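# Structure assessment
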Amino acid sequence: MTLVASSTATRLADISGSLNVIHDPEQLAAYEIDRMLPAAAVKPGSRDEISEVVKFCAAEKLAVVPCGARSNLSMGAPLARYDVALDLTRLDHILAYDPGDLTLSVEPGIPLQRLAGVLAGHRQFLPLAVPFLNRATVGGTIAAGVHSPLRQAYGTARDFLLGLEFITGQGAHAKSGGLVVKNVAGYDLHKLMIGAMGTLGVITKLNFRTFPALSATRVFTASFTSAENALSLRQRAVQSPLRLLTMDILSPGAVEVLAGQVAARFEAGPAPVDRLPPGKWAFHATFPTAGTATARYERELKHMAEESGCDWCEICGDDRNPASFGRLREFVPIVLESSPATVVVKMSVRPSKLGGILASVADVAQKNDVRWAAAVGGLGVSYFSLLPSARDEQARLSVEKICEKVLADCARLSGNATIPWCPSEWKSSMKIWGPERADFEQMRKLKNVFDPVGILAPGRFAGGI
Amino acid sequence: MKFAAQRLNRIHHGAGFAALHAALAICRERRIVWLPLVDAPERRDYSAEGYSRIKAICAAKMNAKLLHDLKELLGPDAVLHRPEELMLYEYDGSVETARPDCVVFPRTTADVEGIVRLAQQHKAPLVGRGAGTGLSGGAIARHGGIVTSFARMNRILEIDAENQIARVQPGVVNSDLSAAVAHLGLHFAPDPSSQKACTIGGNVSENSGGPHTLAYGVTTNHVLALEVVLPTGELLHLGNSALDSPGYDLTGLFVGSEGTFGLVTEITVKLTRLPEAVKTLLAIFDTIDDATETVAEITARGITPAACEMLDGWTIRAVEDYVHAGFPLDCAAILLIDVDGLREVTEVEAAEVEDVCRVHRAREVRVARDARERDLLWKGRKNAFGAAGRVSPSYYTQDGVIPRTKLPATLRRIGEISRKYNLQIGNVFHAGDGNLHPIILFDERNQQQFRDTVAAADEIIAFCVQAGGSITGEHGVGMEKDRLMPLIFSEADLSLMQSVRGIFNPEGLLNPGKIFPDSKGCGEIYARPRREGAAPSARQS
Amino acid sequence: MSSTSSEAHTDGGNAGRQTAPSAAQSKRSGFSGADKPEYADYSRCVHCGLCLNHCPTYRLWHEEADSPRGRIRQIALVDEGKLALAESFVEHIDRCLDCRACETVCPSGVEYGKLVEFARAQIETNYRRPIASRVIRDLVYRQLLPFPRRISIAARALRLYQRSGLAPLARRTGILRLLGLRERERLLPKIDSDFFFNELGRLYPAHTARRARVAFFAGCVALVTFSELNRATIRVLQANGCEVVVPESQRCCGALAAHAGVRDVARELARANIAAFTDGHFDAIVTNAAGCGSTLKEYAHFFPADDPNHARAQKFAATVRDVSEFLDDLGLVAPMRPVPLRVTYQDSCHLAHGQKVREAPRTLIRAVPGVELVEMPLADQCCGSAGVYNVTQTKASLELLALKMDSVRQTKAQAIVTANPGCILQLRAGSAIHGTGQEVLHVVELLDRALAPQGW
């Protein structure tokens, strides 16, 4: 341990107690990000301690990365520096929950699953069915900006995060929004914090709108020989009066992955995806059951699927769909484990352009001989994952070529593309945050306001922030 | 009185927050106006900088050269500058007033860029305006300068039915967009009460809500991308018509920034599919508590109505007198509930809502059978404010938010405040989301009553905050509630927000004197009767 | 008070002593006399702006000064002595169509029509218009319209011009353009060959068992330009069981004078009409002109509440019915033959906004077998006719007409149905100018066509 590291640890111990400071390199391995280790990790127990830690780091110009369960730390560009891991898992309390008001205020370190248990007691839930659900914390989920298949019906955190409290890069307490569902007082700074990956502040409190729990749901799956047909079912479903809870289109590769052994490890039990014919495109949707509406959903989905030229379709009841929904939710973790060097490109285009982009990516992946799997959300946001069979230079070159083409195609169709997940050693040669955008300049200015010293996860965010 | 005024003047030449604090003390002592909590002694003088900046801006005269250049740029028809024309841009839908130095009507983004360039050159304040229906003074040129009216920038640029997206100029009227896409089975979901007149640009600035935002969300939930001109002259494209634009959510930040970041010149919005079926129920209650418990239980049963509105007894009587909808005059509250969606689902939900109402002792539940009956049931709600206008020379509509569970307590408190000041207060709520609109009736000719109205309104808002709520749910802060911001935000919060504003609007040329209490300190505090443009709030000019 | 600004009222000490309009005390109101906009009326406006997008002139120019809210503000400012009753004020009040679409959307129930008519009365008495304008206004409102015989003489002269070949000659030589009358000439009514003077004083029996006894209000200009419409109205009423009386001593309703601010003439006409219709024991006084109807229904506005005429006017107004409203209430009983026609309905402002009658004409149209009613967008937006607006504000009127014809075109209708003679003239001109080819009919003309035996 270097002298600097040791003095850092000492100071951190002063703030949070030595029991809550880790400086043993072996234990610090758990805080590794892109093969970098911090000098110390600290687990503050209160907002004030966080503020103290940040103030100290700002004074010493030490780079701090806030983290929770650390499930999404591999996202983003490589850090410029990494001195202190700010572990927020001790801040894991529910601060306020008013089921009658459907509002909830929590600390960032609370695991989503534990929170879900509490909400379920009041027949409510948060529509944050995100990857790594079994361990992810609320704060990490919001900071990473990952979304859920339920986005189709409930939107993203942007739509139900009511307010935030956070510590700025100078250690100041700040807040925006409130704990009421409707509020237009002040600027919506909390929207900036969603997906900011800890670069603007350390989240200390999150306020959410909760939702009545879903009644029983059913899963509809249909199989198609072409992406076009599956997409035409999407279009029909969107234009119908039906209100689907989830809607995704799976490439043949995605069907294979989700029905495979890795997937079963994440979500065991029989799942409708297991029964999908291999080598074909699939349409996967969840819908609520409610009296006579159930039959109507079933009838109309089947009818629309037939009109769209499906080969096969099926409706599964309650017993099977948790697994199916779970595997879809865990698509990213599953693909990450399905190859030694998985690269995931997040693509977003207007839905009518999905056909074009999918044809193009399939073509380029095939030409470069890389296995791929795509899960395409009904709203036009897709996870296109490349699953090379080896983690070597040749694979890197192929993947890079494919990614370049995908990014260019998305840009051409006025869409967005980023590479949220990628092997660490490949990151430097990839456009992790996509092409430079004109508004990155404003973002850099924002960063400078929130974190003038530049100590919060430096380098990890878009535009070199 | 002379004495007080002299002291005020002296103090304001001294400037700054400390001065403001002293001024407030005088106001209180002289009962000029009641300003809660702003004058907490420990507050740092974070307004000094803002004060001198605004002072400088105030000094910028609308010189002939600027007018000439504006006319050159836009044509003579697009520039108003004669006093009799400017008098008509002193107001918006709120009770605030201030006169601009000129009004311009751009038609294109390039026009707006040109206007901003000239404003920059002449250091003239710049304020955007849609239809001027706002309720917090957002479109009012508090410190004079150029009002940029977007009324003529009202073209729908693109309707992409397949992807349910529309691209519009800011001056497009909210309901005109919905009408233009109705034949495609779509609509623009945010529905402020002024939707037939207000513009989408204004909705974006204020992050407008409405009765149906309970299920559909407010404006920010429906905006995908913006084209904005910053006061520095820079043209920016924020967000994208495709979802999840990389980087910070600047679009989300801009929506609701009350025109203090940039002038919006183009807006890309989501269009929402019209529901297959809508069921409207109207339930009549003998006690307020029954009505509020009904709202709670509807929620508890897992139903999210598309709208859930409540009128209290006094409002019902005022409305009944005018619309003759057959509301019993002795009832305490009515609930108006919309459920929508799939036909089968709405049937079930409507039956369930009806059941909840009956369980909670609703005297009567009416269910609309068709669109005509639905309109009739909604008529009472839509005319609530007008009905108040018919019984009183003036009324002041407040906008506060509380947790829904605090509804009964809040109503009781409003009752107490009403008695304390001997003012009639009617209550119209978006009960479903805890957004209340107390209507305080007063006679503007009676100065004391007018001051009491302000005091009562402030007490109501203070109670909302105490109950865990907010000072505004949908009207915005503007120049109406800037002084109330410290009720919910600390100095550090406000100063961070101001720094964020500084990124886009470094010189404070854009919509100065809004949102932040730093705008105080430019002159004398006085209360004016409404006819004069007066505000039931403290104003300085 | 130390305040130098008239706006700064600060002292708590003199609370309650202020009276409205408080600040105006220091300045003189620009209004005078009895016929003026009242504080109680204009202060109802809370400047919410809901009217803006419904105002045809705001939609054209998007300026507050030409919006209902802006006009009310100008009225208030003049009353407070802060705005001169001068060119600017007159210009914006003149530009108002008085279509009252704003009243329909106003949540506070501002009686805008009343305000603007009073403002015009003030302009009439307190503002000196250019000499030409004064002469023409005097001629039309004071010397012509109140006198049926003079209308008849003027109509004969105009008919001579239209039929003699002078009209085409005038058009060809460009003399009209020279006089600035080219557009206006196109909007002029075509004079009937057979005037509606002989019918005055007659009684028309019901064709079936008598279901009602009604008085028919025939109008003034309509006597010489819409005699056929008047006759059709009587036929339709007869066919549906009404005994129709056409009182002989009836006069012009006074609407045009009232809208122009010539209230003394309007008031005189109101008195004459109330007298003419009083003793007939009618179930209703029926008119086919929405503009007349809304004025007849508001005769009470002409008299202060303590004037005995006020009560008389109220009683009179209570029996006035637009023909659509009346027939819809009564119910159609006459058998009708199919009229295969795709039509669209243009709400006449003074029916929809002035009298709040929207459904009745539509119900009647739908009752005609074979007729398909296709709604046009913004059907309740003014077509630009607005009494004499198309003559006084020709440019704006034609712009509004162009927008209207665009809406009509979208419906692919073969005919436009409306409820007011003025609108009919304007829409006929629109159909000709824009080459859209629609026939323009009054609701009762459509009904009459369905009644008429084949080949009639």
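Predicted model, so just to flag it, every value in this text is computed and none were measured.

### A few points about helix H4 (residues 87-94) of chain C
- Buried within H4 of chain C are the following residues: Ser-88, Phe-89, Val-90, His-92 and Ile-93 of chain C.
- Contact partners of the buried residues in H4 of chain C: helix H5 (83-86) of chain B together with helix H3 (68-79) and helix H6 (112-126) of chain C.

### A word on the sheet that holds strand E2 (residues 40-42) of chain A
Residue and element names in this part refer to chain A.
- Reading across from one edge, E1-E2-E4-E3 is the order of the four strands in this open sheet, with mixed pairing throughout. The two strands at the open ends of the sheet, each matched to only one other strand, are strand E1 (21-22) and strand E3 (64-67).
- Relative to E2, E1 runs antiparallel, the two sharing two bridges. Residue Val-21 lies in a different strand from E2, and its bridge partner there is Val-42.
- This element, helix H3 (residues 47-60), spans E2, E3 and strand E4 (84-87) of the sheet and lies at about 165° to E4.

### Notes on the packing of aromatic side chains
- This model, assessed by the stated rule, comprises 27 aromatic pairs over all chains.
- With a centroid separation of 5.0 Å and an interplanar angle of 80°, the aromatic rings of Phe-254 of chain B and Phe-504 of chain B are classed as edge-to-face. Taken as a pair, Phe-254 of chain B in helix H10 (residues 250-254) and Phe-504 of chain B in helix H18 (residues 491-504) lie far apart in primary sequence, 250 residues in all. We note that Phe-254 of chain B, like Phe-504 of chain B, is buried.
- Here a set of aromatic residues connected by ring pairs shows up, and it is made of Phe-125, Tyr-154, Phe-160, Phe-208 and Phe-211 of chain A.
- Here the basic side chain of Arg-95 of chain C rests over the ring of Trp-61 of chain C, its NZ or CZ set 4.8 Å away from the ring centre.

### Some points on the pattern of salt bridges
Residue and element names in this part refer to chain A.
- In this structure the tally under the stated criterion is 98 salt bridges over all chains.
- Here Glu-307 ties to Arg-236 by a salt bridge, and the two come within 3.2 Å at their closest N and O atoms. Residue Glu-307 is found in helix H12 (residues 292-307), and its partner Arg-236 is found in helix H9 (residues 227-239); the two are separated by 71 residues along the sequence.
- Of the charged contacts in the structure, one is a salt bridge between Arg-296 and Glu-300, with a shortest N-O distance of 2.7 Å. Here Arg-296 and its partner Glu-300 are both found in helix H12, four residues apart, which amounts to about one turn of the helix.
- Residue Arg-296 is classed as buried on the basis of its relative accessible area, which comes to 5%.

### A few points about the arrangement of the chains
- By contact count, the dominant pairing among the two pairs of chains in contact is that of chains A and B.
- Spatially, chain A and chain C are disjoint, and the shortest separation between their C-alpha atoms is 20 Å.

### Focus: the side chain of Arg-396 of chain A
- Checked against the element boundaries, Arg-396 of chain A lands in helix H16 (residues 393-412).
- The buried category is assigned to Arg-396 of chain A, whose relative accessible area is 15%.

### What to know about the state of the cysteines
- Overall, the coordinates contain zero disulfides over all chains when judged by the stated rule.
- Here Cys-310 of chain A is not disulfide-linked; the sulfur of Cys-313 of chain A is the nearest cysteine sulfur, at 4.4 Å.
- Considering cysteine sulfurs only, Cys-308 of chain B is the nearest to Cys-464 of chain B, which forms no disulfide, with 17 Å between them.
- Given the relative accessible area of 0%, Cys-464 of chain B is considered buried.

The rules behind these values
- Residues numbered from 1 in each chain as written.
- Chains lettered and ligands numbered in written order.
- Predicted model: local features only at pLDDT ≥ 70, side-chain atom pairs only at ≥ 80, totals over all residues.
- Heavy atoms only, no water.
- Buried < 20%, exposed > 50% of the residue type's maximum accessible area, 1.4 Å probe, protein only.
- Helix = DSSP H or I, 4+ residues; strand = E, 2+ residues; numbered from the N terminus.
- Contact = heavy atoms within 4.5 Å.
- Pairing = 2+ DSSP bridges.
- Axes fitted to C-alpha atoms, helices over the stretch in contact; angles between N-to-C directions.
- Phe/Tyr/Trp six-rings, centres within 6.5 Å; stacked < 30°, edge-to-face > 60°.
- Lys NZ or Arg CZ within 6 Å of the ring centre and 35° of its normal.
- Salt bridge = Lys/Arg side-chain N within 4 Å of Asp/Glu carboxyl O.
- Disulfide = S-S within 2.5 Å.

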